[in-house]
Amino acid sequence: MNRYDFLHCQRPYHGDFTPVNFVFNANLQEFATKVSYIACLETSGKLSPQDAFDQIKGLWKQLKASKKGLSLEHPPD
């Protein structure tokens, strides 16, 4: 296992496979990893609670935009 795989582990996708679901799952895993890092930095005192909140809020907005961009909210009929 190399350092990248250790720090950025990806879990296999187990849902109904569509390209949209697969890409959103990858985005969601990246979001979760980044939130985990931010939480650890805040817990260790290297990041203020407000900075942690602001960064997580920004990541959340990016995730919402990716969801909207992938048309998950209103799939085509």
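For the structure, see preceding data.
## Considering the overall build of the protein
Scanning the protein from N- to C-terminus turns up 3 helices and 0 strands. When the 77 residues of the protein are sorted by exposure, 16% land in the buried category. Contacts spanning at least 24 positions in sequence make up 56% of the contacts within the protein whose residues lie at least 6 apart. For the protein, the accessible area works out to roughly 6,300 Å², and carbon and sulfur atoms hold 60% of it.

## A short note on helix H3 (residues 49–69)
The end-to-end C-alpha separation of H3 is 30 Å, in line with the 30 Å expected for 21 residues at 1.5 Å each. All of the buried residues along H3 are Ala52, Leu59, Leu63 and Ser66. Projected down its long axis, H3 shows its buried positions confined to an angular sector of 60°, all on one face. Pointing more than 90 degrees away from the buried face of H3 are the exposed residues Lys61, Lys68 and Gly69. Buried residues belonging to H3 abut helix H2 (19–43). Phi turns positive one or two residues past the end of H3, at Ser71, with a value near 60°.

## Notes on H2
Here H2 contains 25 residues, and its C-alpha end-to-end distance of 36 Å stays within 8% of the 36 Å for a straight helix at 1.5 Å per residue. By the burial criterion, the buried members of H2 are Phe24, Asn25, Gln29, Phe31, Thr33, Val35 and Ile38. Following H2 by one or two positions, Gly45 adopts a phi angle in the positive range, close to 85°.

## With respect to the side chain of Ser66
With respect to the helices and strands, Ser66 occurs in helix H3. A relative accessible area of 17% places Ser66 in the buried class. If near-sequence neighbours (up to four positions away) are discounted, Ser66 is found in contact with Phe24 and Asn27.

## Remarks on the pattern of salt bridges
On inspection of all chains with the given rule, the structure shows 1 salt bridge. The shortest N-O distance in the salt bridge between Glu30 and Lys34 comes to 3.0 Å. Here Glu30 and its partner Lys34 are both found in helix H2, 4 residues apart, which amounts to about one turn of the helix. For Lys34, a relative accessible area of 33% corresponds to the partly exposed category.

## Digging into a nonpolar patch on the surface
Taken together, the side chains of Phe17, Phe22 and Val23 define a hydrophobic patch exposed on the protein surface, amounting to about 310 Å² of accessible area. Relative to the assigned elements, Val23 resides in helix H2.

Scoring rules and cut-offs
- For every chain, the first residue of the written sequence is number 1, and numbering continues from 1 along that sequence.
- The predicted origin of the model limits local features to residues at a pLDDT of at least 70 and limits the giving and counting of side-chain atom pairs to 80 or more, whereas totals for whole chains, interfaces and linings rest on all residues.
- Values reported for side chains reflect all heavy atoms of the structure, with hydrogen atoms and water molecules removed beforehand.
- Numbering of helices and strands runs from the N terminus, with a helix taken as a DSSP run of H or I at least four residues long and a strand as a DSSP run of E at least two residues long.
- Each residue's exposure class comes from its accessible area (1.4 Å probe, protein chains only) as a fraction of the maximum for that residue type: buried when under 20%, exposed when over 50%, partly exposed otherwise.
- In what follows, a contact means two residues having at least one pair of non-hydrogen atoms within 4.5 Å.
- Areas reported here follow the Shrake-Rupley algorithm with a probe of radius 1.4 Å; residue values treat only the protein chains shown as occluding.
- The length a helix should cover is 1.5 Å for every residue beyond the first.
- This arc describes the spread of directions from the helix axis toward the C-beta atoms.
- A pair is scored as a salt bridge if a Lys or Arg side-chain nitrogen falls within 4 Å of a carboxyl oxygen belonging to Asp or Glu.
- Every patch collects residues that have over 30% relative accessible area and no salt bridge, joining them within 9 Å if they carry like charges and within 5 Å if they are nonpolar side chains (Val, Leu, Ile, Met, Phe, Trp, Tyr).

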